[in-house]
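Single-letter residue listing:
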Amino acid sequence: LAKERGKNNFQFYTLEMTEKSIERMKVERGLRHALAHDELRLHYQPQICTGSGVVISAEALVRWQHPEWGLVYPDRFINVAEETGLIVPIGAWVLREACLQAKTWIENDGPFGSVAVNVSARQFLDTNLFQTVKRTLAETGLNPSVLELEITESAIMQDPENTLQVLHQFQGLGVRLSIDDFGTGYSSLTYLRRFPIQSVKIDRSFVIDLPCDEGSKTLVRAITALAHELKLSVVVEGVETRDQLSFLTEQKCDSLQGYMFSRPVSAEQFQQDFINSGFKTYLPNTSNDQP
Ligand code: C2E
Ligand code: MG
Ligand code: MG
Ligand code: MG
């Protein structure tokens, strides 16, 4: 970093680097403000049971309602939050908010079974994560089995032995665990077998060219077969078209998530669309495949 090399190296900054670091500083400062002023929001995207077509769970996805920038998506701030450590308090907020929300949805008699919360590499390496999760569950009164933690394959593989220990702690607590963005992070099969997880989420990059691309088809088939062999359930993200839906149904993928069913929506909208409606079987809109 230029800072380490001394002030005289400032001239080596390119314009692009300067713009990037200014953006980064703005985002960092903004995020601190956001945490203190309640500007973070959670949106929820339904996960649909392939067999029955009902909404069985939701993935919580963080957004930032900025007073001037509007609704800011995680692509713009999760990296900065990770680099600065702000992901730890942000993650704690997300967890609490998602648990509180799930608690009210679960009380409606219905198939709704769990809420999934993303945990990034930096959070996972934070030794307090386990205590934070445990305390949040106790404080919100949510049954641990309703909470699912999504950990990316690449985060897990940064330090698989340590990860294994942490995953066992979470298993002991009774929360569900899944590997996010599966297929992109080179996990070894040995670990996959040893991890106390319940599901894998096939990354959208494997879905985007379905069902035309032979390579994608082969990979989805292989991952699904492997996961099922290991008694793991398969969630597929990024389902956008009827053709993808029928291929994935044929492959017996267990649950599906994607714009075809719904974009991530506010808690109010989710409640209206999926909880109040009695979780009725989802029927894809036949008139238009695209979101
Ligand atoms: P992810 O966990 O893999 O989440 C899936 C992303 O794919 C979400 O983007 C979702 O809106 C998007 N998506 C879902 N279905 C479709 C589809 O059919 N088509 C397309 N094109 N996209 C689809 P989002 O909400 O922008 O989140 C991006 C990433 O940011 C997430 O990827 C996750 O890694 C991270 N993230 C989001 N919320 C949190 C959070 O609370 N904590 C942490 N640590 N990371 C988060
Ligand atoms: Mg996820
Ligand atoms: Mg994912
Ligand atoms: Mg992904």
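Everything in this summary refers to the structure shown in the same document.

Basis of the calculations
- Residues numbered from 1 in each chain as written.
- Chains lettered and ligands numbered in written order.
- Predicted model: local features only at pLDDT ≥ 70, side-chain atom pairs only at ≥ 80, totals over all residues.
- Heavy atoms only, no water.
- Donors = N, O, S within 2.8 Å, 3.2 Å for Na, K, Ca; no water.
- Helix = DSSP H or I, 4+ residues; strand = E, 2+ residues; numbered from the N terminus.
- Buried < 20%, exposed > 50% of the residue type's maximum accessible area, 1.4 Å probe, protein only.
- Phe/Tyr/Trp six-rings, centres within 6.5 Å; stacked < 30°, edge-to-face > 60°.
- Lys NZ or Arg CZ within 6 Å of the ring centre and 35° of its normal.
- Near = heavy atom within 4 Å.
- Polar contact = N/O pair within 3.5 Å; in protein donor to acceptor, adjacent residues only side chain to side chain.
- Areas by Shrake-Rupley, 256 points an atom, 1.4 Å probe, with all protein chains shown as cover.
- 1 Å grid on protein atoms, 1.4 Å probe; cavity = no way out; pocket = protein on both sides within 12 Å on 5 of 7 lines; lining within 4 Å.
- Sits in = over half its atoms within 2 Å of the grid points.
- Salt bridge = Lys/Arg side-chain N within 4 Å of Asp/Glu carboxyl O.

1. Observations concerning the coordination of the magnesium ion (ligand 4)
Next up, step 1: Protein-derived coordination of the magnesium ion (ligand 4) comes from Asp181 (OD) and Glu237 (OE), at a distance range of 2.4 to 2.5 Å.
Next up, step 2: In this structure, the magnesium ion (ligand 4) lies 3.0 Å away from the magnesium ion (ligand 3), the two metals sharing Asp181 as a donor. Taken together, the positions of Asp181 in strand 6 (residues 176-182) and Glu237 in the loop between strand 8 (233-236) and helix 11 (242-250) put the pair 56 residues apart, joining distant regions of the chain.
Next up, step 3: The class of Asp181 is partly exposed, set by a relative accessible area of 24%.
Next up, step 4: Note on Glu237: relative accessible area 13%, which makes it buried.

2. Notes on the coordination of the magnesium ion (ligand 2)
Next up, step 1: Distances from the magnesium ion (ligand 2) to its protein donors, namely Glu59 (OE), Asn118 (OD1), Glu150 (OE) and Asp180 (OD), fall within the range 2.0 to 2.2 Å.
Next up, step 2: If you list the donors of the magnesium ion (ligand 2) from N- to C-terminus, the spacing comes out as E-x58-N-x31-E-x29-D.
Next up, step 3: For the pair the magnesium ion (ligand 2) and the magnesium ion (ligand 3), the metal-to-metal distance amounts to 3.8 Å, and Asp180 bridges them. With Glu59 in strand 2 (residues 55-66) and Glu150 in strand 5 (residues 147-152), the pair connects residues that are 91 residues apart, well separated along the chain. With respect to class, Glu59 is no different from Glu150; both count as buried.

3. What about the packing of aromatic side chains?
Next up, step 1: For the structure shown, the criterion picks out 10 aromatic pairs.
Next up, step 2: Ring plane angle 20 degrees and centroid distance 5.7 Å describe the contact between Tyr191 and Phe195, whose orientation is recorded as stacked.
Next up, step 3: A relative accessible area of 4% places Phe195 in the buried class.
Next up, step 4: Aromatic rings pair up to connect Tyr44, Trp105, Phe112, Phe270 and Phe274 into one cluster.
Next up, step 5: The residue whose ring lies beneath Arg76 is Trp69, and the NZ or CZ to ring-centre distance is 4.4 Å.
Next up, step 6: The ring of Tyr259 is capped by Arg263, whose NZ or CZ atom sits 4.0 Å from the centre of that ring.

4. Comments concerning the site of ligand 1
Next up, step 1: Lining the immediate surroundings of ligand 1 are 24 residues, of which Arg63, Asn118, Asp180, Glu240 and Tyr259 lie closest.
Next up, step 2: One of the side-chain N or O atoms of Gln45 is found 3.1 Å from a nitrogen atom in ligand 1.
Next up, step 3: Expressed as a share of its isolated accessible area of 800 Å², the protein-covered part of ligand 1 is 85%.
Next up, step 4: The cavity that encloses ligand 1 is the largest pocket.

5. Some words on the pattern of salt bridges
Next up, step 1: In total, this model carries 10 salt bridges according to the counting rule given.
Next up, step 2: As a salt-bridge pair, Lys201 and Glu59 come within 2.8 Å of each other at their nearest N and O atoms. One end of the pair, Lys201, is in strand 7 (residues 199-202); the other, Glu59, is in strand 2, and 142 residues separate them in sequence. Exposure class is identical for Lys201 and Glu59. Each is buried.
Next up, step 3: Through salt bridges that share partners, Glu59, Glu150 and Lys201 make up one connected network.

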